[in-house]
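# Observations on the three-dimensional arrangement
Listed below, chain by chain, are the residues.
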Amino acid sequence: MKITQRQIRRMIRKELLREQASSDLFANVQALVNQQVSIFDMADKLKSMGHRDANYVSGMGMRYVEVMHNGQKHIVISKNMVEPDASTQIIGPYAVGILS
């Protein structure tokens, strides 16, 4: 199978857009933290920023926002409620990472 230059460029462009989208979630959460948006309003604000499937979840004493991003479920939760790992970013009072 032969791959053309055009196909290679298209694959690279897709990968770059995927990486940019990944960082956009973290940048958007940072922007909301800078605006002092609470966890209660974060899902609505993320929806308005293009994360259409952001949902606020409350139960068992925990409050967090779920966001499907790049095919994986990410959560935004108080950094005091989790033990961060290598894939978790701390942004202000929140931890943003993949739900496992």
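Residues numbered from 1 in each chain as written. Predicted model: local features only at pLDDT ≥ 70, side-chain atom pairs only at ≥ 80, totals over all residues. Heavy atoms only, no water.

### Thoughts on the environment of Lys45
By secondary structure assignment, the location of Lys45 is in helix α2 (residues 39–48). The sequence separation of Lys45 and Ile8 amounts to 37 residues, and the corresponding C-alpha distance is 36 Å. When residues no more than four places from it in sequence are discounted, the contact partners of Lys45 are Leu32 and Val37. (Helix = DSSP H or I, 4+ residues; strand = E, 2+ residues; numbered from the N terminus. Contact = heavy atoms within 4.5 Å.)

### Focus on the nonpolar core
Ranked by size, the top nonpolar core spans 17 residues in total, and within it Val29, Met42, Leu46, Val65, Val76 and Val96 carry the most contacts. At the level of elements, α1 (5–34), α2, β2 (62–69) and β5 (94–98) are the ones that each hand at least two residues to this core. In terms of residues, this core owes the most to one element, α1, which gives five residues. (Core = buried A, V, L, I, M, F, W, Y, C linked by side-chain atoms within 4.5 Å. Buried < 20%, exposed > 50% of the residue type's maximum accessible area, 1.4 Å probe, protein only.)

### A look at the sheet that holds strand β1 (residues 55–59)
Here we have five strands laid out as an open sheet, ordered β1-β2-β3-β5-β4, and antiparallel in their pairing. The open sheet terminates on both sides in strands that have one partner only, identified here as β1 and β4 (89–91). Direction aside, neighbouring strands of the sheet carry axes that sit 25° apart on average. Running over the sheet, α2 touches β1, β2, β3 (72–78) and β5 and is turned about 15° from β2. (Pairing = 2+ DSSP bridges. Axes fitted to C-alpha atoms, helices over the stretch in contact; angles between N-to-C directions.)

### Things to note about the pairing of β5
Burial analysis of β5 places four of its five residues in the buried class, which makes it a mostly covered element. Here β3 pairs with β5 via five bridges, running antiparallel. Across the sheet, the residue bridging to Ser78 is Tyr94, located in β5. Where β4 lies against β5, three bridges are found, and the strand directions are antiparallel. By the bridge assignment, Gln89 is partnered in β5 with Val96. The hairpin formed by β4 and β5 contains two residues between the paired strands, and Gly92 there has a positive phi angle of roughly 60°.

### Focus on the layout of surface pockets
Its volume calculated, the largest pocket comes out at about 160 Å³. Surrounding the largest pocket, 14 residues form its lining, Ile75, Val82, Thr88, Gly97 and Ile98 being those nearest its centre. No other element matches β5, which puts four residues into the lining of the largest pocket. Its residues assigned to classes, the lining of the largest pocket shows eight nonpolar, four polar and two charged. (1 Å grid on protein atoms, 1.4 Å probe; cavity = no way out; pocket = protein on both sides within 12 Å on 5 of 7 lines; lining within 4 Å. Points joined across faces, edges and corners; volume = space filled by probe spheres on them. Nonpolar A, V, L, I, M, F, W, Y, C, P; charged D, E, K, R; others polar.)

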